[in-house]
Amino acid sequence: MTTVSLRLSLLCVALAAPMVPASHRAAWRRQWEADLRHQSAFLREHGRGWKGLDLWSRALGTVPHACVLRIRSWSMPTVFADIRYGTRSLLKQPGFALVAILLLGLGIGATTTIFSWVEGFVLRPLPGAANADRVVAVLGTTRTRRDISVSYPNFADMRDQKPDSIAAMFAGRLVALTIRDDRDASRAWGELVSGEFFDVLGVSPAQGRVLSREDDRVPGGHPVVVLSHAFWQRQFAGRADIIGRPLTINGKIFSVIGVTPPDFSGSSAGMRIDLWLPMMMQATVLSGDRLNARGDAWLQVRARLAPEATIEQAQAGLSAVAARLAASYPGPNTDRGVALYPLWSAPGTAASILGPILGVLFALVAIVLLIVCANLASLMLARAAGREREIAVRLALGASRVRIVRQLLTESVVLAVAGGAVGLLLAVWASQLFGAFIPPTPQPITGEVILGARVPMFGLALALVTTVFFGLAPALQSTRPRLVPALKDTKGSIGGPRRTRLRSSLVVAQVAMSMVLLIGAGLFVRTLQQSQRADVGFDLEQGLFASLDLLPAGYEATTGTAFYKKLIDQVLTVPGVTAAGLARDIPLKLGGGSDTSGDIEGYVPAKDEEITLYYDRVSPGFLPALGVPLVEGRGFTDQDDAAHPNVVMINETMAKRYWKTRPAVGGRLHLGEWYTVVGIVKDVKYTTLNADPVAFVYLPLYAAYRPDTTLLVRTAGEPAAVIGALRSAVSGLDADLPLFDVRTAAEQRQVVTFIPALAASLLGAFGVVALLLATVGLYGLLAYSVSQRTSEIGVRMALGAQQGDILRLVGRHGIVLTVIGGAIGLVLALIVMPLASSQLVGVGARDGLTYLIAAVCLTVGAAAASYFPARRAAQTDPLRALHYD
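Let me sum up the structure you'll find in this document. Residue positions are given per chain, counted from 1 along the sequence in the order it is written. The predicted nature of this model means local features are confined to residues of pLDDT at least 70 and side-chain atom pairs, given and counted, to a pLDDT of 80 or more, with totals for whole chains, interfaces and linings taken over all residues. Note that the side-chain values use all heavy atoms of the structure and ignore hydrogens as well as water.

Here we look at the overall build of the protein
Counting its secondary structure elements, the protein contains 26 helices and 22 strands. Each of the three principal axes of the protein carries a C-alpha extent, and together these read 105 × 60 × 60 Å. Throughout, exposure labels follow a simple rule: accessible area from a 1.4 Å probe, protein chains only, divided by the maximum for the residue type, with under 20% read as buried, over 50% as exposed, and the rest as partly exposed. When each of the 885 residues of the protein is scored for burial, the buried share is 53%. By the convention used here, residues are in contact when the closest approach between their heavy atoms is within 4.5 Å. For the protein, restricting intrachain contacts to residue pairs at least 6 apart in sequence, the fraction spanning at least 24 positions comes to 81%. To measure how exposed things are, a 1.4 Å probe is used in the Shrake-Rupley method; for residues, cover is taken only from the protein chains shown. Total accessible area computed for the protein in this model is approximately 37400 Å², and 59% of it derives from carbon and sulfur atoms. Here a helix means four or more residues in a row that DSSP labels H or I, a strand means two or more in a row labelled E, and each is numbered from the N terminus.

See below:
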């Protein structure tokens, strides 16, 4: 990828070089080419994400640099005179100037908006963290997987052994917390982090201090907390004496020691964390003792590379440590290793989830910008037709062609700067639209994008680059007039057939690019439709999900299980509720699920085969509440509790894979101890709609207790109508226990359709804009052609041509251009659309129906664009046309 990117970047240098004064051109080109080669080598060596985009954005800098050098070679009074003249010239045609500025603003604004999302979620995922560029993700590996969390003992050993090429490491885990003040309990999201967290990321406190290793040495010894700036403002109204104040978290009093800067939101891109607690306070926020369980992988680990170290060197250093751990602690570490990832590509991060779709959007919005440039070039050519005599007079009076080209380019720059300003304003507003696509989720997902300095610089560079695309060719074409006809004010004296061919080529290019966009939009609209109809394995259409956390209330396994049973009984008495259950995880949620390894009785694994089983803990009412069909056997009952713990249900995929022709019900599997299969249920989609079915085990919640669960409620009518009764049912059992994150089944389903919805909405809008621009471009070309051929049309009609003949003559021209452009677009789409196939659901990248619909839309637009000029030509008066010149 980098080699291709380097070649394209060097091509950009070659294209920009003619703008540089000849005296500096060779040295300028050598300097830029050396700089890009060095940057390419650096990116390849250090493994940073999106190398191509990094390199291309740097190469775009050649255009403004070349422009600056060129302008500096001119005298400033002359430059200002050109700007004044160009501005006056544009003001004489305010309609043209307004349309051009709006078109440019639309194209630049849309492209800059997508770039701001790419930068916010992929290129600069951790705003406020000074060391973010040197931080990498560390994940555990097995023989077949590279996306496993890390246990705390393994992390502590890796950290303390100081791997080569790694400066420091930290571990963290997102946790839901219950905050209680004098008024009420509320939900907050925090990160349980090791003491190196802020040092690794390079975050300094805005007030007080941040966590250190001293706060993270003794389990339960330092109940201190660091607040985010937003939480400090929201919870404490930004009071100045916040340091040292108590804060009750999960029933325990913590002391506030610091506040982070406003722009820092945590170590996970796209999430806004409220507060950070020391890892040694784990028992306060998560059940069980996880600090001493080497086989319990539950932490996300990050490492900061040492100065000048590469990710490959760090990988080697950390792998050596992992090998020592495997030798020292066999069992949980046998056949285990570690893998390092740049943050943008680490599995499970917002960058890795959003990166592919943002890449597709960025590529397609660039096509929109190219269509805008082609449309503007056509407008500039048409405008030049009205200035034939002016240009011819200036040339006849001795003005050089270079001088006139410079003047025309100056007018293009004025338009580009004005359009760029409009585009930047549009981008500032539209960059926050990302949040509108994010559905309600329990996690603190935020669509907020902080615009960095690179965004306006990108917009400015884009404005100058577009000047070259839409201004240079018309300027060169317009300064090649046939002087005598032009001075006689004869039509078609400038460029003649060459200009017509150029405009026709621009229209063909617009049609081709529009076809690609329409096909892309169509594929993602169909993806959204298929996503909404996809079989997810359950049929809950009307219902609610709500979160419970018994840990802060002091419940233990026995009391907690009793509470769960009473709660389900109480909820089932609520009018409108038809079924209710509890689950640790719920389907169609963000993030991965829980998994473990195990053995199946009677199944002999193949060589190097790993048996990975995903699992959930569910209550007896889970299946009817969610609407999961029971295929065979039985579901859980209230008797499947601590006294009768060793039963499980499995899904169809697991039964078919490991029991094959043997009866699965009654079979056994080993998960630390032996469990008996009592039921088989239909496969359920737990993560993404594209995910293949995996082996899944359901454990009885009443036997495998967890204090943090989700309540599932199926309703006969409108779900929102029972929310109040549900809260009353919970508070009736425990007045201090709140119900958090209540959301409907429809809102929950939006979690997995928001990316298709985002893509379908934006690409649909881009497709409509592209179709309109192509239609306008074709209409403009045909209208111009008719005006230039008025005399010819008059002669044809005088010689007996009928209106139908003229309609076909003009219409054929439009149809030929549309067919050529459409065919090119189809070929391009067949080549590029498979690159986006991983983002499609239920539809292929070369779906025939979508291609056909796109072709029909384009044909209708072309027919409309051709009809009106053709009708005007057919209504030409031969006598008046013969006198037209």
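Past the structure itself, the notes keep going.
Overview of the side chain of Arg 406
Within the secondary structure, Arg 406 sits in helix H14 (residues 401–430). Distance and chemistry together define a polar contact, namely a pair of N or O atoms within 3.5 Å, with one atom able to donate a hydrogen and the other to accept it when in protein, and with adjacent residues in sequence counting only for side-chain atoms on both sides. At a separation of 3.3 Å, a polar atom in the side chain of Arg 406 contacts the side chain of Asp 82. Dropping the residues within four chain positions of it, Arg 406 is found in contact with Trp 74, Thr 78 and Asp 82.

Here's the deal with the packing of H14 against helix H15 (residues 454–478)
For any two helices packed against each other, the geometry is given by the interaxial angle and the distance between the axes. Structural elements are reduced to axes, namely lines fitted to C-alpha atoms, with helices fitted over the stretch in contact, and the angle between N-to-C directions of any two is expressed from 0 to 180 degrees. Following both chains from N to C, one finds H14 and H15 inclined at 145°, their axes separated by 8 Å at the closest point. Viewed along their axes, H14 and H15 form a crossing whose handedness is right-handed. In this structure, H14 uses Arg 401, Val 405, Leu 408, Leu 409, Ser 412, Val 413, Leu 415, Ala 416, Gly 420 and Leu 424 to contact H15, whose residues at the interface are Val 455, Pro 456, Gly 459, Ala 463, Thr 466, Thr 467, Phe 470, Gly 471, Leu 472, Ala 475, Leu 476 and Ser 478. The class makeup of the residues in the contact of H14 with H15 is 14 nonpolar, 7 polar and 1 charged. Should the near helix be turned counterclockwise from the far one by less than a right angle, the crossing is left-handed, whereas a clockwise turn marks it as right-handed. By the convention adopted, Pro, Cys, Tyr, Trp, Phe, Met, Ile, Leu, Val and Ala count as nonpolar, Lys, Arg, Asp and Glu as charged, and the other residues, Gly among them, as polar.

A look at the packing of helix H23 (residues 790–798) against helix H24 (residues 803–832)
As a packed pair, H23 and H24 sit with axes 10 Å apart at the nearest point and diverge in direction by 145°. Along this stretch, H23 crosses H24, giving a crossing that reads as right-handed. Together, Ile 793, Arg 796 and Met 797 of H23 and Gln 803, Ile 806 and Leu 809 of H24 make up the contact between the two elements. For the contact of H23 with H24, the residue count by class is 4 nonpolar, 1 polar and 1 charged.

What about the pairing of strand E5 (residues 224–227)?
Along E5, one buried face is formed by Val 224 and Val 226 and the opposite face, lined by Val 225 and Leu 227, is buried too. One ladder, built from 2 bridges, connects E5 with strand E8 (residues 275–278); its direction is antiparallel. Its bridge partner lying in E8, Val 226 is registered against Trp 276. Following DSSP output, two strands are said to pair if at least two bridges run between them.

What about helix H4 (residues 62–73)?
Take the number of residues in a helix, subtract one, and multiply by 1.5 Å to get its expected span. Counted at 1.5 Å a residue, the expected span for H4 with its 12 residues is 16 Å, and the 17 Å between its end C-alpha atoms agrees. The complete set of buried residues in H4 reads Thr 62, Val 63, Pro 64, Ala 66, Cys 67 and Leu 69.

Here's the deal with the pattern of salt bridges
Salt-bridge detection follows one rule: a side-chain nitrogen of Lys or Arg within 4 Å of a carboxyl oxygen of Asp or Glu. Across all of its chains, the model carries 26 salt bridges by this definition. Its salt-bridge partner being Glu 214, residue Arg 217 comes within 3.1 Å of it at the nearest N-O pair. Given a relative accessible area of 47%, Arg 217 falls into the partly exposed group. Residue classification places Glu 214 among the partly exposed positions, given a relative accessible area of 48%. One salt bridge connects Asp 640 with Arg 634, and the closest N-O pair in it is separated by 2.9 Å. The buried category is assigned to Asp 640, whose relative accessible area is 4%. Here the residues in one salt-bridge network are Arg 159, Asp 160, Glu 196 and Arg 213, joined through shared partners.

Brief notes about helix H13 (residues 388–396)
Looking only at H13, the buried set comprises Glu 388, Ile 391, Ala 392 and Leu 395. Down the axis of H13, the buried side of the element spans an arc of 100°, and every buried residue falls inside it. Of the residues flanking the end of H13, it is Gly 398, one or two places downstream, whose phi is positive at about 110°. The arc under discussion is defined with respect to the helix axis, by the directions toward the C-beta atoms.

As for the side chain of Ser 194
With respect to the element layout, Ser 194 can be found in the loop between strand E3 (185–193) and helix H8 (197–201). Polar side-chain contacts of Ser 194 include one of 2.8 Å to the side chain of Glu 196. Not counting residues up to four positions away in its chain, the partners in contact with Ser 194 are Phe 155, Arg 159, Phe 170, Ala 171, Asp 216 and Met 279.

What about empty space enclosed by the protein?
Cavities and pockets are found on a 1 Å grid laid over the protein atoms alone: a cavity is a set of points where a 1.4 Å probe fits but cannot escape, a pocket is an open set with protein on both sides within 12 Å along at least five of seven lines, and a lining residue has an atom within 4 Å of such a point. Grid points are joined across faces, edges and corners, and a volume is the space filled by probe spheres set on the points. With the rule as written, the count across this model stands at 5 cavities of 30 Å³ or more. Volume-wise, the largest cavity comes out at about 170 Å³. Lining the largest cavity are 16 residues, with Gly 120, Pro 127, Ser 265, Gly 270 and Glu 448 sitting closest to its centre. Grouping the amino acids of the lining of the largest cavity by side-chain chemistry returns 8 nonpolar, 5 polar and 3 charged. The space that makes up the second largest cavity amounts to roughly 110 Å³. Elements represented by at least two residues in the lining of the second largest cavity include exactly helix H12 (350–385), H14 and H15. Classifying every residue of the lining of the second largest cavity by side-chain character gives 6 nonpolar, 3 polar and 3 charged.

Quick notes on the environment of Lys 162
Note that Lys 162 resides in the loop between helix H7 (152–160) and strand E2 (166–180). Residue class for Lys 162 comes out exposed when judged on its relative accessible area of 64%. For Lys 162 and Ser 838, which are 676 residues apart along the polypeptide, the C-alpha to C-alpha distance reads 39 Å.

Here's the deal with the pairing of strand E1 (residues 135–141)
Looking down a regular strand, the side chains alternate between one sheet face and the other. Counting buried residues along E1, 7 of its 7 residues qualify, which places the element largely inside the surrounding structure. As defined by bridge partners, E1 adjoins strand E9 (residues 300–305) across 4 bridges and the pair is classed as antiparallel. Within E9, the residue paired with Ala 137 across the bridge is Arg 302. Relative to strand E10 (residues 337–342), E1 runs antiparallel, the two sharing 6 bridges. By the bridge assignment for E10, Val 138 is matched with Leu 340.

Things to note about unusual backbone geometry
Trans peptide bonds make up the majority, and among non-glycine residues the majority have a negative phi. At Ala 237, a residue that is not glycine, the phi angle is positive and equals roughly 55°. Relative to the elements of secondary structure, Ala 237 occurs in the loop between helix H9 (229–236) and strand E6 (246–249). Positive phi is not limited to glycine here, since Asp 741 has a value of about 50°.

A look at the environment of Val 677
Checked against the element boundaries, Val 677 lands in strand E19 (residues 674–681). Separated by 13 residues in sequence, Val 677 and Ala 664 place their C-alpha atoms 6.8 Å apart. Non-local contacts of Val 677, meaning those with residues more than four positions away in its chain, are made with Val 648, Ile 650, Trp 659, Ala 664, Val 665, Gly 666, Gly 667 and Leu 669.

Looking at the environment of Tyr 341
Within the secondary structure, Tyr 341 sits in strand E10. Looking at Tyr 341, the relative accessible area reads 14%, which means it is buried. Along the primary structure Tyr 341 and Ala 137 are separated by 204 residues, whereas in three dimensions their C-alpha atoms are 5.1 Å apart. Polar side-chain contacts of Tyr 341 include one of 3.0 Å to the backbone oxygen of Arg 146.

Description of a nonpolar patch on the surface
Patch membership requires more than 30% relative accessible area and the absence of a salt bridge. Residues of like charge join within 9 Å; the nonpolar side chains Val, Leu, Ile, Met, Phe, Trp and Tyr join within 5 Å. A cluster of nonpolar side chains, Val 4, Leu 8, Leu 11, Leu 15 and Trp 56, forms an exposed patch at the surface whose accessible area comes to about 470 Å². Here the element with the most residues in the nonpolar patch is helix H1 (residues 2–16); it accounts for 4 residues. Of note, Leu 15 is situated in helix H1. Residue Leu 15 is classed as exposed on the basis of its relative accessible area, which comes to 62%.

Considering the packing of aromatic side chains
When we look at a pair of aromatic rings, we describe it by the centre distance and by the angle of the planes. Aromatic pairing here means that ring centres of Phe, Tyr or Trp (its six-membered ring) are within 6.5 Å. Orientation follows from the plane angle: under 30 degrees is stacked, over 60 is edge-to-face, and everything else is tilted. For the coordinates displayed, the defined rule picks out 22 aromatic pairs. Arranged with centres 6.3 Å apart and planes meeting at 35°, the rings of Phe 197 and Trp 276 form a pair that is tilted. One end of the pair, Phe 197, is in helix H8; the other, Trp 276, is in strand E8, and 79 residues separate them in sequence. Classification of Trp 276 as buried rests on a relative accessible area of 0%. Aromatic side chains Tyr 867 and Phe 868 sit 5.3 Å apart centroid to centroid with 75° between the ring planes, which places their arrangement in the edge-to-face category. Given the relative accessible area of 40%, Tyr 867 is considered partly exposed.

Any link to function would need more than the numbers given here.
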